[in-house]
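# Fold and geometry: a report
Each chain, letter by letter, is given below.
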Amino acid sequence: MNFLNLIRWKNLIMIALVQLLVKYALLEPLGALTSLSSLGITILILATICIASAGNIINDIYDIETDLVNKPDKVIVGKSISEKTAFNLFITLNVLGVALGYYLSHLVEKSGFFSLFVIISALLYVYASYLKQTLVLGNVVISILVGLSVLIVGIFELIPNITSENQQLQLVYFKIVLDYAFFAFLINLIRELTKDIEDIDGDYKVGMKTLPIAIGRERASNILFALTLVPILAIGYYIVYKIYQNQIAVIYFLVCILGPLIYISIKTFSAKTKKEFHHISNILKLVMLLGMLSLILYKFSF
């Protein structure tokens, strides 16, 4: 159980679910010309999960000092699992993930796609060891990687099969996947800032340079509030101009996505304590899940 908690098994299940939904609830029902068989999507999921697991492990290794302050009851590395064992797991999972990515890239006859897995693996290490301590940049990089875990399905499924005849249609499908990737990026960016405000005490003690530490908790909270308005406006635009004719989709987006986002914005405006920001962070994770589950609507409602 300690190993599962170390690799953030719940987050990994969410990654696998989203990638399956992109293929089986979005692309295939819409009639997109896809590249991956059931084996292929399984390999992509395993590669993504292995590299994400490795990223979670190296993050915990570098966060031991801050976690002892921010969440002492949840520290695993150095307590339940030794630092050496954790580092060996990090190496093993990275090698396995990159190797699976190499095989998959050649399977779709796009060997250059292999570089994606190498870049993601390297960025996760650089994020944990350096970027996480830098102002805003670390938040942006990790959020891009979260978005990429969605977009990579479109890259492997659609791009290898683009021809001059189907290019326009394939790009329409790719844009839908890109929209979901951007949603994941934006929600995660807001959540990263929320966690920075929540963890300001531990981060300050170890000399990190997060936004709340640089400009103060109150100003960072104001920026967080402003950021929460962006997905509200974006989802509102999407409902009014994109899906207004689909009643089921409109109801789902209003109740399951827009409603919780408005709640988050209101809570952010008044939040002061660590407990309140932790609550906001959890609701953001729920919004991320509900947003991705809306992919099912393409199979049954569009």
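Structure: above.
So, here's what we can say about the structure. This structure is a prediction, so every number in the text was calculated from the model and none was measured. (Residues numbered from 1 in each chain as written. Predicted model: local features only at pLDDT ≥ 70, side-chain atom pairs only at ≥ 80, totals over all residues. Heavy atoms only, no water.)

### Section: the overall build of the protein
In terms of regular secondary structure, the protein is built from 14 helices and zero strands. When its helices and strands are written in sequence order, the protein yields α-α-α-α-α-α-α-α-α-α-α-α-α-α. The C-alpha atoms of the protein give 20 Å as radius of gyration, which agrees with the globular expectation for 302 residues (19 Å, within 12%). Over its C-alpha atoms, taken along the principal directions, the protein stretches across nearly 60 × 45 × 30 Å. Of all 302 residues assigned to the protein, the portion counted as buried reaches 51%. Put simply, 74% of the contacts in the protein that link residues at least 6 apart link residues at least 24 apart. Counting only carbon and sulfur atoms, one obtains 65% of the accessible surface of the protein, whose full area is about 14800 Å². One way to put it: in the protein the 23 positive side-chain charges average out to a point 4 Å from where the 19 negative ones average out. (Helix = DSSP H or I, 4+ residues; strand = E, 2+ residues; numbered from the N terminus. Rg over C-alpha atoms; globule rule 2.2 N^0.38 Å. Buried < 20%, exposed > 50% of the residue type's maximum accessible area, 1.4 Å probe, protein only. Contact = heavy atoms within 4.5 Å. Areas by Shrake-Rupley, 256 points an atom, 1.4 Å probe, with all protein chains shown as cover. Lys, Arg positive; Asp, Glu negative; His and termini not counted. Charge placed at Lys NZ, Arg CZ, Asp CG, Glu CD.)

### Notes on a nonpolar patch on the surface
A cluster of nonpolar side chains, Tyr62, Tyr125, Val126 and Tyr130, forms an exposed patch at the surface whose accessible area comes to about 380 Å². Looking at the secondary structure, you find tyrosine 62 in helix 3 (residues 38–62). (Patch = residues over 30% accessible without salt bridge, like charges linked within 9 Å, V, L, I, M, F, W, Y side chains within 5 Å. Salt bridge = Lys/Arg side-chain N within 4 Å of Asp/Glu carboxyl O.)

### Some points on the packing of helix 6 (residues 114–129) against helix 7 (residues 137–158)
When two helices pack together, their arrangement is given by the angle between their axes and by how far apart the axes lie. Interaxial distance between helix 6 and helix 7 falls to 11 Å at its minimum, and their mutual angle equals 160 degrees. One element, helix 6, and the other, helix 7, form an angle in the roughly antiparallel class. You can see that helix 6 and helix 7 cross each other, and the crossing is left-handed. In this structure, helix 6 uses Leu116, Phe117, Ile120, Leu123, Leu124 and Tyr127 to contact helix 7, whose residues at the interface are Gly138, Val141, Ile142, Leu145, Leu148, Ile152, Ile155 and Phe156. Residues that form the contact of helix 6 with helix 7 fall into these classes: 13 nonpolar, one polar and no charged. (Axes fitted to C-alpha atoms, helices over the stretch in contact; angles between N-to-C directions. Parallel < 35°, antiparallel > 145°, perpendicular 65-115°, else oblique. Left-handed = near helix turned anticlockwise from the far one by under 90°. Nonpolar A, V, L, I, M, F, W, Y, C, P; charged D, E, K, R; others polar.)

### Topic: the packing of aromatic side chains
Taken as a whole and assessed by the stated rule, the structure comprises 12 aromatic pairs. With a centroid separation of 4.8 Å and an interplanar angle of 35 degrees, the aromatic rings of tyrosine 237 and tyrosine 241 are classed as tilted. Of this pair, tyrosine 237 and tyrosine 241 are both found in helix 11 (residues 217–241), four residues apart, which corresponds to roughly one turn of the helix. A residue is classified by how much of its surface remains accessible, and tyrosine 241, at 55% relative accessible area, is exposed. Feature note: the residues Tyr62, Phe87, Phe90 and Tyr125 constitute an aromatic cluster, connected by ring pairs. (Phe/Tyr/Trp six-rings, centres within 6.5 Å; stacked < 30°, edge-to-face > 60°.)

### A few points about the layout of surface pockets
The computed volume of the second largest pocket comes to approximately 530 Å³. For the second largest pocket, the lining is made up of 22 residues, of which Asp179, Tyr180, Ala234, Tyr238 and Lys242 are closest to its centre. Within the lining of the second largest pocket, the residues separate by chemical class into 17 nonpolar, two polar and three charged. (1 Å grid on protein atoms, 1.4 Å probe; cavity = no way out; pocket = protein on both sides within 12 Å on 5 of 7 lines; lining within 4 Å. Points joined across faces, edges and corners; volume = space filled by probe spheres on them.)

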